[in-house]
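One-letter residues, chain by chain:
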Amino acid sequence: TVSRTDVEQAAAPAPAPAAPVEVTAGTAGTERRQPVKGVGKAMAQAMVASAFTAPHVTVWTTVDATATTRLLDGLRGRAPYADLRLSPLVVAARAVTLALRRSPLLNARYDAGTAAGGGDELVLRDEVNLGIAAATPRGLVVPNVKGAERMSLAELAGAIGELTATAREGRTAPADQTGGTFTITNGGVFGSLMS
């Protein structure tokens, strides 16, 4: 049975995370570092090990994008979208930034033993630097949109358009390829059913 005390303890605020630390690697946001101990540490170590020792499983889901294409058709030609290239990728990018704000663990990284004193830490990032994989004549590059979580759909479409055009021209600056926190790609350009 669940007692009143159990409910009150579960509802109590969690301890405050460690004080924010300025992010390096060229981002302008902040990050919070939380020590990883006990079960969390064992789970993180098992997940890292599984990337190299366990078979991987992929799940494919078919999505009806009719509403998305109708939305994009309705936006084309309207200010502020008139001069932007709108595609389902832009809508997916915006959805990802909203989801990462609601679920910051998906935008986090695990530092194994890099903390002062050698402890493991979970690094929670406040900023989403959204990587967009772009095929170029020289190969695949992944420039990222800095601060994508603060952008509107139109701003994000413009930023993605600029980054991919610059990448295809072979002029991507090194700073645009560093500091990414989450990456998406567009397999649809190859006519693929899955990617």
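The following refers to the structure shown. Keep in mind it's a predicted model, so treat the numbers as computed, not measured.

## Quick notes on helix α4 (residues 88-102)
The terminal C-alpha atoms of α4, which comprises 15 residues, lie 21 Å apart, in line with the 21 Å expected from a rise of 1.5 Å per residue. Within α4, the full set of buried residues consists of Leu 89, Val 90, Val 91, Ala 93, Val 96, Thr 97 and Leu 100. Residues of α4 that are buried make contact with α3 (66-75), β5 (130-132), α5 (153-168) and β9 (182-184).

## Focus: unusual backbone geometry
Of note, the bond from Ala 79 into Pro 80 is cis; its omega dihedral lies within 30 degrees of zero at 5 degrees. Positionally, Pro 80 belongs in the loop between α3 and α4.

## With respect to the packing of α4 against α5
As a packed pair, α4 and α5 sit with axes 10 Å apart at the nearest point and diverge in direction by 120 degrees. With respect to their mutual orientation, α4 and α5 come out oblique. Once α4 is placed against α5, the crossing between them reads as right-handed. Residues Val 90, Val 91, Ala 93 and Arg 94 of α4 lie in contact with α5, whose contacting residues are Leu 153, Leu 156, Ala 157 and Ile 160.

## Details of the pairing of strand β4 (residues 121-125)
The buried count for β4 comes to four of five residues, which makes it a mostly enclosed element. One ladder, built from five bridges, connects strand β2 (residues 30-35) with β4; its direction is antiparallel. Counted as the bridge partner of Arg 32 is Leu 124 from β4. Here three bridges tie strand β3 (residues 109-111) to β4, and the two strands are oriented antiparallel to one another. Paired with Arg 109 across the two strands is Val 123, which belongs to β4.

## Things to note about the sheet that holds β5
Overall, mixed pairing links the three strands, which are arranged β8-β5-β9 in an open sheet. With one partner strand each, in any of the chains shown, β8 (144-145) and β9 form the two edges of the open sheet. One ladder, built from three bridges, connects β5 with β9; its direction is parallel. What sits directly across from Leu 130, in β9, is Phe 182. Contacts between α4 and the sheet are confined to β5 and β9, with β9 contributing the most and set at about 155 degrees to the helix.

## Description of the nonpolar core
Membership of the largest hydrophobic core comes to 15 residues, with the highest contact counts inside it found for Ala 93, Leu 130, Ile 132, Val 145, Leu 156, Ile 160 and Ile 184. Among the secondary structure elements, those contributing two or more residues to this core are α4, β5 and α5. In contact with Ile 132, not counting residues within four places along its chain, are Leu 89, Val 141, Val 142, Pro 143, Ile 160, Thr 164 and Ile 184. Counting nine residues, the second-largest nonpolar core is a separate cluster that includes Leu 72, Leu 75, Ala 154 and Ala 157.

## Side note on the pattern of salt bridges
Summed over all chains, the structure comprises 11 salt bridges. Between Asp 111 and Arg 33 there is a salt bridge, and its shortest N-O distance comes to 3.0 Å. Of this pair, Asp 111 sits in strand β3 while Arg 33 sits in strand β2; the two residues are 78 residues apart in sequence, bridging distant segments of the chain. Judged by its relative accessible area of 18%, Arg 33 falls in the buried class. Notably, a salt bridge pairs Arg 150 with Glu 127, separated by 3.0 Å at the nearest N-O pair. Taken together, the residues Arg 150 in the loop between β8 and α5 and Glu 127 in the loop between β4 and β5 connect sequence positions 23 residues apart. Overlapping salt bridges bring together Glu 31, Arg 33, Arg 109, Asp 111 and Glu 121 as one network.

Reading the values: rules and limits
Residues numbered from 1 in each chain as written. Predicted model: local features only at pLDDT ≥ 70, side-chain atom pairs only at ≥ 80, totals over all residues. Heavy atoms only, no water. Helix = DSSP H or I, 4+ residues; strand = E, 2+ residues; numbered from the N terminus. Expected span 1.5 Å × (residues − 1). Buried < 20%, exposed > 50% of the residue type's maximum accessible area, 1.4 Å probe, protein only. Contact = heavy atoms within 4.5 Å. Axes fitted to C-alpha atoms, helices over the stretch in contact; angles between N-to-C directions. Parallel < 35°, antiparallel > 145°, perpendicular 65-115°, else oblique. Left-handed = near helix turned anticlockwise from the far one by under 90°. Pairing = 2+ DSSP bridges. Core = buried A, V, L, I, M, F, W, Y, C linked by side-chain atoms within 4.5 Å. Salt bridge = Lys/Arg side-chain N within 4 Å of Asp/Glu carboxyl O.

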